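# Structure at a glance
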Amino acid sequence: MCERCLDAAAGRGPVARRSILKLAALAAAGLALAPPAFAAKAKAPPKPENVLSPDAALRRLMRGNNRYVEGVSKRHDFKHEREPLSTGQNPFAGVLSCADSRIAPEYCFDVARGDVFVCRVAGNFANDDIVASFEYAVAVLNTPLIMVLGHDGCGAVDATIKSVKDGTTLPGHLPALVAAIKPAVEAVKDQSGDMLANAIRRNVALNVEKLKAAGPILKAAVDDRKIRVVGGIYKLASGSVELVA
Ligand SMILES: [Zn+2]
């Protein structure tokens, strides 16, 4: 979590306090997303080009992935962005990706600071902390799109398959990961084809559904078509992202 988020969590700093107050206002308003009075108070977004519809946000992500795959990524200078981003953020997409070092959402979608709100955990599953993070992105930062991004050859999913098959308990805190990914493994155990690939895909789909159904904030935003939640698989060999949900 970045320093500003930590500040926000701790309620420090004027921007952080405004963000927390905005969430508190949401609660007071019965969690209705962006009522007129609420919207009127919002300050101008630091990146006007990030104010997009969910569909346009997805197109921008996928165009960025195309540039990345083709080796024609843009240059993203911190110097040009630091002033507007020092006082706020309005990312046009949220990405839930695996912690795998080969998956780098900012690189693979060719985006800059302030463009994507990224949550990462091995196995890219949405626990309460991840759901809360995206609630913040949607309700406070007005992010219109969330993508759950799995990848082929995922070690976390593979370890879960082995643990389920062998009936073994992994050491340390790893059982928590296994418990979170297990529903996807169980769901594909009788499916034909490659079990790892099937489980990776199912894990993405299940977590897309989980985020869509996460009431009251995300579910309301999906129902009101303010946001879309989609799923993708990152291909390690090519760098391309395939939409699967
Ligand atoms: Zn992984």
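Structural notes, computed from the coordinates. Because the structure is a prediction, the values reported are computed rather than measured.

Cut-offs used in this document
Residues numbered from 1 in each chain as written. Predicted model: local features only at pLDDT ≥ 70, side-chain atom pairs only at ≥ 80, totals over all residues. Heavy atoms only, no water. Helix = DSSP H or I, 4+ residues; strand = E, 2+ residues; numbered from the N terminus. Buried < 20%, exposed > 50% of the residue type's maximum accessible area, 1.4 Å probe, protein only. Contact = heavy atoms within 4.5 Å. Expected span 1.5 Å × (residues − 1). Polar contact = N/O pair within 3.5 Å; in protein donor to acceptor, adjacent residues only side chain to side chain. Donors = N, O, S within 2.8 Å, 3.2 Å for Na, K, Ca; no water. Salt bridge = Lys/Arg side-chain N within 4 Å of Asp/Glu carboxyl O.

The subject of this paragraph is the overall build of the chain. A tally of regular secondary structure across the chain gives 11 helices and 5 strands. Evaluated residue by residue, the chain yields a buried proportion of 42% over its 245 residues. Long-range contacts, defined here as pairs at least 24 residues apart, represent 69% of the contacts in the chain between residues at least 6 apart.

The next point concerns helix α8 (residues 155–166). Residues spaced three or four apart along an α-helix face the same direction, because each turn holds 3.6 residues. With 12 residues, α8 extends 16 Å between its outermost C-alpha atoms, agreeing within 8% with the 16 Å of an ideal straight helix rising 1.5 Å per residue. Just downstream of α8 lies G167, where phi reads positive at about 65°.

Here we take up helix α7 (residues 128–139). Helix length check: α7, at 12 residues, gives a terminal C-alpha distance of 16 Å against a target of 16 Å (1.5 Å per residue), a fit within 8%. The N-capping residue of α7, defined by a side-chain oxygen 3.2 Å from the backbone nitrogen of D129, is N127.

In the first shell of the zinc ion, the protein supplies C98 (SG), H151 (NE2) and C154 (SG), at 2.0 to 2.3 Å from the metal. Read N to C, the donor residues that coordinate the zinc ion are spaced as C-x52-H-x2-C. Given the relative accessible area of 1%, H151 is considered buried. Accessibility expressed as a relative area gives 2% for C154, which makes it buried.

As a further point, take the pattern of salt bridges. Side chains that differ in sign of charge can pair as their charged atoms come close. As enumerated under the stated definition, the model contains 14 salt bridges in all. With a shortest N-O distance of 3.0 Å, E81 and K47 are connected by a salt bridge. Within this pair, whereas E81 is found in helix α5 (residues 78–85), its partner K47 is found in the loop between α3 (36–41) and α4 (54–70), the two being separated by 34 residues in sequence. Taking relative accessible area as the criterion, E81 reaches 14% and is therefore assigned buried. Classification of K47 as buried rests on a relative accessible area of 5%. The salt bridge involving K219 is made with D223; its shortest N-O contact spans 2.8 Å. Remark: D223 and K219 occur in helix α11 (residues 217–223); sequence separation between them is 4 residues, near one turn of the helix. Overall, D223 belongs to the partly exposed group, its relative accessible area being 48%. Salt bridges sharing common partners tie together K47, R60, E81, R113 and D115.

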